[in-house]
Amino acid sequence: MLRHEFQPGKLVAGVFFTLAGVIYAGDAGGAWQTPWFVVIPVVTGGLCLAGAVAAVTHAVRRRRTERG
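Residues numbered from 1 in each chain as written. Predicted model: local features only at pLDDT ≥ 70, side-chain atom pairs only at ≥ 80, totals over all residues. Heavy atoms only, no water.

(A) Expanded view of helix α2 (residues 39-67). An ideal rise of 1.5 Å per residue puts 42 Å on 29 residues; α2 measures up with 42 Å between its terminal C-alpha atoms. All of the buried residues along α2 are Val 39, Val 42, Gly 46, Ala 50 and Thr 57. Check the buried side of α2 and you find it contacts α1 (8-29). (Helix = DSSP H or I, 4+ residues; strand = E, 2+ residues; numbered from the N terminus. Expected span 1.5 Å × (residues − 1). Buried < 20%, exposed > 50% of the residue type's maximum accessible area, 1.4 Å probe, protein only. Contact = heavy atoms within 4.5 Å.)

Put into structure tokens, the structure is as follows:
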């Protein structure tokens, strides 16, 4: 049995923050050159997408509990 409910918005946010970390780690390790401003749209887009996913998840769960 699950100890808590699955929250896909947090999963999406975590994936994008992990991607930002990989981008910076690759730059720090010398694997590639990354301008400093590249991560800003990645994080901002990830947070916006996570918010949208969380809103949809909340709406679906609310509708499901109203029906019975």
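Right, picking up where we left off after that structure.
(B) Looking closely at the pattern of salt bridges. For the structure on display, the rule yields 1 salt bridge. For Glu 5, the salt bridge is made with Arg 61, and the minimal N-O distance between the two is 3.1 Å. Remark: Arg 61 occurs in helix α2 and Glu 5 occurs in the segment before α1; sequence separation between them is 56 residues. Among the residues examined, Arg 61 registers a relative accessible area of 29% and is labelled partly exposed. (Salt bridge = Lys/Arg side-chain N within 4 Å of Asp/Glu carboxyl O.)

(C) Representation of α1. In this model α1 runs 31 Å from its N-terminal to its C-terminal C-alpha over 22 residues, within 8% of the 32 Å that 1.5 Å per residue would give. For α1, the set of buried residues is Pro 8, Gly 9, Val 12, Ala 13, Ala 20, Ile 23 and Gly 26. Buried residues of α1, viewed axially, fall in a sector of 160°; they line one side. Counted as exposed and oriented over 90 degrees from the buried face of α1: Lys 10, Ala 28 and Gly 29. Those residues of α1 that are buried are in contact with α2. Looking one or two residues past α1, Gly 30 carries a phi angle of roughly 85°, positive in sign. (Arc of directions from axis to C-beta.)

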